[in-house]
Amino acid sequence: MRLFPFRRREALAVSADSTDVELVAAVAAQSTSALRILHQRHAPWLRARLARRCADPDAVDDALQETFMAVWRSAGGFKGDNLAGWLWTIAIRRLISALRGRGSRWIGIGIEPGDISPVESAEDVVLLGVEHGDLGSALTKLSPELRAVIEATVLDGLTTKEAATLLGIPEGTVKTRAMRARARLREELS
């Protein structure tokens, strides 16, 4: 008689040289080493992008942890080869959910331009100008839902359909929120 009636899945051999698709397949087979490699490979850039959306490091950490827990649970459902897009979709949804549940600070609130560390790229210069200039002040006055739509469609350059998928809302809602957000920004900036 077997003490454990379930079968143990064969672990797939993975290494730091494995592709993302191979790693996700191994995670689907419950390989913790594959998840560890995915985390080491993708957590830094996910943390940086999430931190641009939220100034609360605890909310960012929670969203990042929830992201990789979701990867562990749903790796078998991953289809395609764009793991970065899949991870970002999960991460931003987790962050938005976390922010809906508590009063987290969005970037730009209480931060002075002199408090910012040295900028490393042209993209960072532009983003800092957006986040800490007049537009940044106006953006911080938007609700998290409206700001998320503006960030997805304008800052991230996503289409309405992509933003809807990313945020988990219908395309019509994205269009409506974008229209409302633009109107509020126009009022705030005039």
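Everything below is about the structure shown above.
Now for a quick tour of the structure. (Residues numbered from 1 in each chain as written. Predicted model: local features only at pLDDT ≥ 70, side-chain atom pairs only at ≥ 80, totals over all residues. Heavy atoms only, no water.)

A separate point is the overall build of the protein chain. Check the secondary structure of the protein chain and you find 9 helices and 0 strands. For the protein chain, the succession of helices and strands along the chain, N to C, is α-α-α-α-α-α-α-α-α. Across the 190 residues that make up the protein chain, the buried fraction comes to 36%. A fraction of 58% describes how many contacts in the protein chain between residues 6 or more apart in sequence connect residues 24 or more apart. For the protein chain, the exposed area adds up to about 11,300 Å²; of that, 53% sits on carbon and sulfur atoms. (Helix = DSSP H or I, 4+ residues; strand = E, 2+ residues; numbered from the N terminus. Buried < 20%, exposed > 50% of the residue type's maximum accessible area, 1.4 Å probe, protein only. Contact = heavy atoms within 4.5 Å. Areas by Shrake-Rupley, 256 points an atom, 1.4 Å probe, with all protein chains shown as cover.)

Attention now goes to empty space enclosed by the protein. On inspection of all chains with the given rule, the structure shows 2 cavities of 30 Å³ or more. Of the volumes computed, that of the largest cavity is approximately 60 Å³. What lines the largest cavity is a set of 12 residues, among which Arg53, Ile92, Ile96, Ala148 and Glu151 lie closest to the centre. Sorting the residues of the lining of the largest cavity by element identifies α4 (83-101), α7 (144-155) and α8 (160-167) as the ones contributing at least two each. Looking at the lining of the largest cavity, its residues break down into 9 nonpolar, no polar and 3 charged. (1 Å grid on protein atoms, 1.4 Å probe; cavity = no way out; pocket = protein on both sides within 12 Å on 5 of 7 lines; lining within 4 Å. Points joined across faces, edges and corners; volume = space filled by probe spheres on them. Nonpolar A, V, L, I, M, F, W, Y, C, P; charged D, E, K, R; others polar.)

Glancing now at the packing of aromatic side chains. Tallied over the entire structure, the rule returns 1 aromatic pair. Where Phe78 meets Trp86, the ring centres are 4.9 Å apart and the plane angle is 45°; that geometry is what we call tilted. In this structure, Arg49 is placed above the aromatic ring of Trp88, and the distance from its NZ or CZ to the ring centre is 4.0 Å. (Phe/Tyr/Trp six-rings, centres within 6.5 Å; stacked < 30°, edge-to-face > 60°. Lys NZ or Arg CZ within 6 Å of the ring centre and 35° of its normal.)

This part covers helix α1 (residues 20-28). For α1, every residue scored as buried is listed here: Leu23, Val24, Ala26 and Val27. Projection of α1 onto a plane perpendicular to its axis shows the buried side chains occupying an angular sector of 160°, all on one side. A positive phi of about 70° marks Gln30, the residue just after α1. (Arc of directions from axis to C-beta.)

This part is about the packing of α8 against helix α9 (residues 171-189). Contact geometry for α8 and α9: axes closest at 8 Å, N-to-C directions at 105°. Relative to α9, α8 is oriented roughly perpendicular. Facing Thr160, Lys161, Ala163 and Ala164 of α8, the residues of α9 in contact are Glu171, Val174 and Lys175. Each residue belonging to the contact of α8 with α9 can be placed in one class, and the counts come to 3 nonpolar, 1 polar and 3 charged. (Axes fitted to C-alpha atoms, helices over the stretch in contact; angles between N-to-C directions. Parallel < 35°, antiparallel > 145°, perpendicular 65-115°, else oblique.)

Counting across every chain of the model gives 4 salt bridges. Its salt-bridge partner being Asp20, residue Arg41 comes within 2.7 Å of it at the nearest N-O pair. Placement of the pair is Arg41 in helix α2 (residues 32-53) and Asp20 in helix α1, with a sequence separation of 21 residues. Note on Asp20: relative accessible area 22%, which makes it partly exposed. (Salt bridge = Lys/Arg side-chain N within 4 Å of Asp/Glu carboxyl O.)

Here the focus is the side chain of Ser31. Note that Ser31 resides in the loop between α1 and α2. For Ser31, the side chain forms a polar contact with the side chain of Ser33, separated by 3.1 Å. A distance of 3.2 Å separates a polar side-chain atom of Ser31 from the backbone nitrogen of Ala34. (Polar contact = N/O pair within 3.5 Å; in protein donor to acceptor, adjacent residues only side chain to side chain.)

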